[in-house]
Amino acid sequence: MAGRVSIPTRNSALIAMIADEDTVVGFLMAGVGNVDIRRKTNYLIVDSKTTVRQIEDAFKEFSSRDDIAIILISQYVANMIRFLVDSYNKPVPAILEIPSKDHPYDPAHDSVLSRVKYLFSAESVSQR
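Residues numbered from 1 in each chain as written. Predicted model: local features only at pLDDT ≥ 70, side-chain atom pairs only at ≥ 80, totals over all residues. Heavy atoms only, no water.

- As annotated in an unreviewed UniProt entry, the protein carries the name V-type proton ATPase subunit F and comes from Arabis nemorensis.
- The UniProt entry for the protein carries the following comment under Function (unreviewed entry): "Subunit of the V1 complex of vacuolar(H+)-ATPase (V-ATPase), a multisubunit enzyme composed of a peripheral complex (V1) that hydrolyzes ATP and a membrane integral complex (V0) that translocates protons. V-ATPase is responsible for acidifying and maintaining the pH of intracellular compartments."
- In the Subunit (unreviewed entry) part of its UniProt record, the protein is described as follows: "V-ATPase is a heteromultimeric enzyme made up of two complexes: the ATP-hydrolytic V1 complex and the proton translocation V0 complex." (UniProt positions renumbered as here; feature names shortened; annotations may be inferred.)

1. Focus on the overall build of the protein
1) Next: Secondary structure summary: the protein contains five helices and four strands in total.
2) Next: Mapped in sequence order, the helices and strands of the protein form the string β-α-β-α-β-α-α-β-α.
3) Next: Of all 128 residues assigned to the protein, the portion counted as buried reaches 33%.
4) Next: In the protein, of all internal contacts separated by at least 6 residues, the share reaching a separation of at least 24 is 65%.
5) Next: As displayed, the protein has an accessible area near 8500 Å², and 56% of this comes from carbon and sulfur atoms. (Helix = DSSP H or I, 4+ residues; strand = E, 2+ residues; numbered from the N terminus. Buried < 20%, exposed > 50% of the residue type's maximum accessible area, 1.4 Å probe, protein only. Contact = heavy atoms within 4.5 Å. Areas by Shrake-Rupley, 256 points an atom, 1.4 Å probe, with all protein chains shown as cover.)

2. Let's talk about the pattern of salt bridges
1) Next: For the structure on display, the rule yields nine salt bridges.
2) Next: Linking E61 and K40 is a salt bridge whose minimum nitrogen-to-oxygen distance equals 3.9 Å. Residue E61 is located in helix 2 (residues 52-64), and its partner K40 is located in the loop between helix 1 (21-29) and strand 2 (43-45); the two are separated by 21 residues in the primary sequence.
3) Next: For E61, a relative accessible area of 25% translates into the label partly exposed. (Salt bridge = Lys/Arg side-chain N within 4 Å of Asp/Glu carboxyl O.)

3. A short note on helix 2
1) Next: Compared with an ideal rise of 1.5 Å per residue, which puts 13 residues at 18 Å, helix 2 spans 18 Å between its outermost C-alpha atoms and is within 8% of the ideal.
2) Next: Regarding helix 2, the residues found buried are I55, E56, A58, F59, F62 and S63. For helix 2, the angular spread of the buried residues around the axis is 165 degrees, confining them to a single face. For helix 2, the exposed residues set more than 90 degrees away from the buried face come down to R53 and S64.
3) Next: Buried residues along helix 2 sit against strand 1 (14-19), strand 2, strand 3 (68-74), helix 3 (75-80), helix 4 (82-87) and strand 4 (94-98). (Expected span 1.5 Å × (residues − 1). Arc of directions from axis to C-beta.)

4. With respect to the side chain of S100
1) Next: Within the secondary structure, S100 sits in the loop between strand 4 and helix 5 (111-126).
2) Next: Judged by relative accessible area, S100 falls into the buried class, the value being 12%.
3) Next: Excluding anything up to four places from it in sequence, S100 contacts D20, T23, S74 and Y76.

5. Some thoughts on the pairing of strand 3
1) Next: The element strand 3 is largely enclosed, with a buried count of six among its seven residues.
2) Next: Pairing of strand 1 with strand 3 involves five bridges; the strand directions are parallel. Within strand 3, the position partnered with I18 by the bridge is I73.
3) Next: Where strand 3 meets strand 4, five bridges bridge the pair, whose relative direction is parallel. Note that in strand 4 the partner of S74 across the bridge is I98. (Pairing = 2+ DSSP bridges.)

6. Overview of unusual backbone geometry
1) Next: In this structure, the amide linkage connecting V92 to the following residue, P93, adopts the cis form with an omega of -5 degrees.
2) Next: Phi at R39 is positive, roughly 65 degrees, even though this residue is not glycine.
3) Next: Along the chain, R39 turns up in the loop between helix 1 and strand 2.

Right under this line is the structure:
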């Protein structure tokens, strides 16, 4: 189909994580973690010592890698780099904001949900 973006299907695509330690460790125990030959990981653990610049760099790296299909980012971390998350417009890798143990999910700050609401409201207006 025209206009569709294909996900690389060499063997598999990775899920990247940018979140607090508990969230990342939970996903690592589920088998999401990966370390390549250059010792690059597919996750960033965000704690009180992590700078916004480090989060921005990880987001830019993960969103430009060909082997990553999904980036899971804790919503409170996404709020730190909201300008990057909101300006990201590629379909792959998909950006999904998730809650964390210490910070509940707030649908008002979810960029994906706000885009979906906008599309549905524009679609319902155009069908009238």
